[in-house]
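If you want the building blocks of each chain, they are given just below.
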Amino acid sequence: MNISYNWLKQYINVDVEPVELGKALTSIGLEVGGVEEVQTVKGGLEGLVIGKVLTCADHENSDHLHVTTVDVGSGEALQIVCGAPNVAAGQKVVVATVGTKLYSGEESFTIKRSKIRGVESMGMICAEDEIGIGTSHAGIIVLTEDVQVGMLAKDYYGIKSDYLIEVDITPNRVDAASHFGVARDLAAYFALKNPEIKLTRPAVDAFAVENTALSIPVTVENPEACPRYSAVTISGVKVTESPDWLKNALLTIGLRPINNIVDVTNFVLHELGQPLHAFDADKIAGGEVRVKCMPEGTTFVTLDGVERKLNAADLMICDAEKPMCIGGVFGGLSSGVTETTQNVFLESAYFHPVSIRKTARRHGLNTDASFRYERGCDPTNTIYVLKRCALLIQEVAGGVISSEVVDVYPQEVKPFEVSVTVEKIHSLIGKEIGRENIETILNALEMKIVERTEAGYLLHVPVYRVDVQRDVDVIEDILRIYGYNNVEIGENLVSTLSYSSRPDSHKLQNLIAEQLTAQGFNEILNNSLTKGGYYAGLTSFPEANCVKIINALSNDLNVMRQTLLFGGLENIQRNINRKNADLKFYEFGNCYYYNTDKKKEGEVLAAYSEDFHLGMWLTGDKFGQSWSVAQQKTSVYELKAYIENIFRRLGVNLRKLVIGEFSDDLLSEALTVYSPRGYKLAVFGMVHPKIRKMLDIDQEVFFADLNWNALMTEIAKHKVQYSEISKYPEVKRDFALLIDKQVTFAEIEKIAFDTERKLLKKVTLFDVYEGKNLPEGKKSYAVNFVLQDETKTLTDSQIDAIMKKMLANFEAKLGAALR
């Protein structure tokens, strides 16, 4: 938000350099991004002077150019070629002399001595838009006769230097989203340092109702969305260009002047932080205003000329026949103030933040008004702001107040009541700052002390401080005004040392991330908010278990994710649509759950839980196109290898894992991995075709979900041990086993290790055969076994005994036979 230094000083009698003022604002939580010297007109009209056209003749080589001589007070008349149709001898004009830099938006050009159609020109006679004081290019500026020749244009137009302070307003500090709001915080800051610096609130004592000839009744049909609506009418106004002081104020902060009525509403918005809207009172059909919602699909043309279809929840400001304005967001094309407007209906309202936020998001609008309403304006301030705006309109446009102030305010908004103890103030601040300082700060922050006790205070916090509703919020405010840098670090350091035997999860995340990246994966990071529709009808992650967002920005972000799967699939869909179909993704992130069975009275969070997960996605070809490698699709076996590598890197004992087949509505063919103690460590497999179809993905996708928290528990007692490489040889033996088709390699591996725990080192499947010459329902597995004794060389009799025992167990438990 842009704050004008000169404008700010109208409300606080501070005499501090702009840069120092910026530092003060940053110290109290209104972080200043920069302080820049500016002029109300870019370039400050430097090099422009007032001149008098002495002669004006037609250019002999042009049918529209004129050759003039102009006195600019330098003692020598300048010859200037001018193409304006309205130039004439005797006029007082604005002249850009040689060397003057003129600006057009962000671009600039310098006036040079030049020849135009063979005639020398020593400058330029300027139009409004060429020097930045207006938009007209119909002709040159013609001034009144009494203007002195040689006068600097910047003096004539009252151009002054100012400083623009860029304040980064956080979402919770909408009370500071105005010049007065910033001045109010500064006054609190100086309350302890210089009590002479005071806050000055613009006076509205002059407001007076002169007649009631233009009374327009207001009906609020949706008081929940519009808790307060104030309005007044002003008749007999004259809509013209704004005076220089008003235009300059708006230009300094980057706003384009429109007309005197609209400019006043914008000025007051940035002065006091309260949005207003001016309607042409003569365009209000039926002479009444209704605040209500329109039927779903109603068309409405906004001020930018765009036809929009209204939602049934959009709050509209209507007359007796039609909608006129999207309340708190954007005006309508046909109801606003124009050059022909004579009577104005002025609105100052308080709209519910959630209603405004949802409407603004639905229509893709972000206006100065919606920015403030979304964050919470001051409902107690509408009439004061209305009177301030009405007085300024009278000042710049004339007119009389022609109605009583209408104020529809069915339920008064009360101040926030907060109790805070002195002991807690000193405890959280870390220093005893004294009750006198505490009370000075509270009063400066307009927090009313309604009860003072030996223990502390009962406060009424003003409603514009939407971020201060607890005692800790009050203490934070006291501290930021007292000054964080004023709290000294004590001589004694009190600390605690905590020791955990759990593995360093963050360090291991980085380790595995580096491993996956080295294997060709790309890390992704998705929003924890996702579309609730993904979970509709699922049994693996029921929709009822979603953590729902109360005031969701959209239906695409209305729940917190229960699984990482959908975020990765969205990334895959986006990449495939951009012809990038061979993908390896991984993501670390939290998943969130709601379980109504765990609800407990008095424990709000009992039903909620979260788990940290690692998700992995494979799709497309395993290798890119290459002459040396044949094209090969990714598979679940490739994914399984990546998972096993992760387990090995973390120190998980693969032999002790319990692996089972699995399928659900997310994964059509999958395996689950459990620890010996029953923790579910991972599930991986092929994404169900129905899920792929929902996201318009035609190719196969393989997904793995690793429960990181469970993995950390599993490896909590893992120790890395080192041993010498054995000097005794390995022995390899193979079996070609004829087994039933439903038998898995995992079963064979488990039986083998259960049979020989000491000498068996590795079991590998190196061939699978299914086809002719085998009995129906059978398949052949070629399995390799590696045996080794690290203390001596194995004998043939030892090896044969082990292999016979394993074969016997295969036969007994799996019905296997040697081929």
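Residues numbered from 1 in each chain as written. Predicted model: local features only at pLDDT ≥ 70, side-chain atom pairs only at ≥ 80, totals over all residues. Heavy atoms only, no water.

A. Expanded view of the overall build of the protein chain. Scanning the protein chain from terminus to terminus reveals 20 helices and 41 strands. For 819 residues, the compact-globule formula gives about 28 Å, and the C-alpha radius of gyration of the protein chain, at 39 Å, lies well above that figure. Its C-alpha atoms give the protein chain principal-axis dimensions of roughly 125 × 85 × 65 Å. Burial analysis of the protein chain (819 residues in total) assigns 47% to the buried set. Sequence-distant contacts in the protein chain: of pairs separated by 6 or more residues, those separated by 24 or more amount to 70%. Computing the positive centroid from 87 side-chain charges and the negative centroid from 109, the protein chain places the two 9 Å apart. (Helix = DSSP H or I, 4+ residues; strand = E, 2+ residues; numbered from the N terminus. Rg over C-alpha atoms; globule rule 2.2 N^0.38 Å. Buried < 20%, exposed > 50% of the residue type's maximum accessible area, 1.4 Å probe, protein only. Contact = heavy atoms within 4.5 Å. Lys, Arg positive; Asp, Glu negative; His and termini not counted. Charge placed at Lys NZ, Arg CZ, Asp CG, Glu CD.)

B. Seen up close, the pattern of salt bridges. Taken as a whole, this structure holds 37 salt bridges when the rule is applied. Among the salt bridges present, the one from Glu374 reaches Arg375, with a minimum N-O distance of 3.7 Å. When its relative accessible area of 5% is taken as the criterion, Glu374 is described as buried. For Arg375, a relative accessible area of 25% translates into the label partly exposed. What you see here is one network of salt bridges that share partners, running through Arg173, Asp175, Asp185, Arg465, Asp467, Asp477 and Arg480. (Salt bridge = Lys/Arg side-chain N within 4 Å of Asp/Glu carboxyl O.)

C. How the structure looks around the packing of aromatic side chains. Counted by the stated rule, this structure contains 20 aromatic pairs. Plain terms: the ring middles of Phe735 and Phe810 are 6.5 Å apart, the flat faces sit at 85 degrees to each other, and that makes the pair edge-to-face. Of the two residues, Phe735 is situated in strand β38 (residues 731–740) and Phe810 in helix α20 (residues 796–814); the sequence distance between them amounts to 75 residues. Taken individually, Phe735 and Phe810 each receive the classification buried, so the pair is uniform in this respect. Chaining the aromatic ring pairs together yields one cluster made of Phe521, Tyr586, Phe588, Phe612, Tyr642 and Trp708. Its end group placed over the ring of Phe371, Arg375 keeps NZ or CZ at 3.9 Å from the ring centre. Positioned above the aromatic ring of Phe662 is the side chain of Lys680, whose terminal nitrogen or guanidinium carbon lies 5.3 Å from the ring centre. (Phe/Tyr/Trp six-rings, centres within 6.5 Å; stacked < 30°, edge-to-face > 60°. Lys NZ or Arg CZ within 6 Å of the ring centre and 35° of its normal.)

D. Main features of a negative patch on the surface. On the surface, Glu31, Glu36, Glu166 and Asp168 cluster together to form a negatively charged patch. Listed by contribution, the elements that provide at least two residues to the negative patch are β2 (31–39) and β12 (161–168). With respect to the element layout, Glu166 can be found in strand β12. When its relative accessible area of 38% is taken as the criterion, Glu166 is described as partly exposed. (Patch = residues over 30% accessible without salt bridge, like charges linked within 9 Å, V, L, I, M, F, W, Y side chains within 5 Å. Areas by Shrake-Rupley, 256 points an atom, 1.4 Å probe, with all protein chains shown as cover.)

E. Region of the structure containing the environment of Phe109. Of note, Phe109 is situated in strand β8 (residues 107–110). Phe109 gets classed as partly exposed once you look at its relative accessible area, which sits at 39%. Placed 10 residues apart in sequence, Phe109 and Gly99 show a C-alpha to C-alpha distance of 9.6 Å. Residue contacts for Phe109: discarding those within four places in its chain leaves Thr100, Lys101 and Leu102.

F. Structural context of the sheet that holds strand β32 (residues 583–594). The 7 strands are arranged β28-β32-β33-β37-β36-β35-β34 in an open sheet whose pairing can be described as mixed. Each end of this open sheet is capped by a strand with a single partner; those strands are β28 (522–523) and β34 (658–662). Two strands pair when backbone bridges link them, and β34 and strand β35 (residues 667–674) are joined in this way by 5 bridges, in the antiparallel orientation. Within β35, the residue paired with Phe662 across the bridge is Ala670. (Pairing = 2+ DSSP bridges.)

G. Molecular detail of unusual backbone geometry. A positive phi is found at Leu45, a non-glycine position, where the angle reads about 60 degrees. Take Leu45: it is sitting in the loop between β2 and β3 (48–58). A relative accessible area of 4% means that Leu45 is categorised as buried. Unlike most non-glycine residues, Asp696 shows phi in positive territory, near 55 degrees.

H. Main features of the packing of helix α8 (residues 353–362) against helix α9 (residues 368–375). Remark: α8 packs on α9, axes separated minimally by 7 Å, with the N-to-C direction vectors making an angle of 140 degrees. It follows that α8 is oblique to α9 by the angle criterion. The chirality of how α8 crosses α9 is left-handed. The segment α8 lies against α9, with Pro353, Ile356, Arg357, Ala360 and Arg361 engaging Ser370, Tyr373 and Glu374. (Axes fitted to C-alpha atoms, helices over the stretch in contact; angles between N-to-C directions. Parallel < 35°, antiparallel > 145°, perpendicular 65-115°, else oblique. Left-handed = near helix turned anticlockwise from the far one by under 90°.)

I. Main features of helix α6 (residues 244–252). Those residues of α6 that fall on the buried side of the exposure criterion are Leu246, Lys247, Asn248, Ala249, Leu250 and Thr252. Buried positions along α6 lie against β1 (2–4), α1 (5–8), β2, β12 and α7 (260–272). Residue Gly254 follows α6 closely and has a positive phi angle near 95 degrees.

J. Representation of helix α11 (residues 422–429). For α11, every residue scored as buried is listed here: Val422, Ile425, His426 and Ile429. Down the axis of α11, the buried set is contained in an arc of 90 degrees. They therefore lie on one face. For α11, the exposed residues set more than 90 degrees away from the buried face come down to Glu423 and Ser427. In this structure, the buried residues of α11 make contact with β25 (416–421), α12 (435–444), β27 (456–461) and α13 (471–482). One or two residues past the end of α11 sits Gly430, with phi positive at roughly 90 degrees. (Arc of directions from axis to C-beta.)

K. Structural detail: the pairing of β8. Pairing geometry for strand β7 (residues 101–104) and β8, over 4 bridges, is antiparallel. Of the residues in β8, the one forming a bridge with Tyr103 is Ser108. Hairpin connection between β7 and β8: a loop of 2 residues separates the two successive antiparallel strands, and Gly105 in this loop has a positive phi of roughly 65 degrees.

L. Quick peek at the side chain of Arg388. Along the polypeptide, Arg388 turns up in helix α10 (residues 382–397). Discounting residues that sit within four places of it in the chain, Arg388 has contacts with Pro202, Val204, Phe267, Val268, Glu271 and Leu272.

M. Structural view of the packing of α7 against α10. At a minimum axis separation of 9 Å, α7 and α10 run at an interaxial angle of 140 degrees. Classed by the angle they form, the pair α7 and α10 counts as oblique. The crossing of α7 and α10 is right-handed. Across the interface between the two elements, Asn260, Ile261, Val264, Thr265, Phe267, Val268, Glu271 and Leu272 of α7 pack against Tyr384, Val385, Arg388, Cys389, Leu392, Ile393, Val396 and Ala397 of α10. A class-by-class count of the residues in the contact of α7 with α10 yields 12 nonpolar, 2 polar and 2 charged. (Nonpolar A, V, L, I, M, F, W, Y, C, P; charged D, E, K, R; others polar.)

Geometry only, nothing functional implied.
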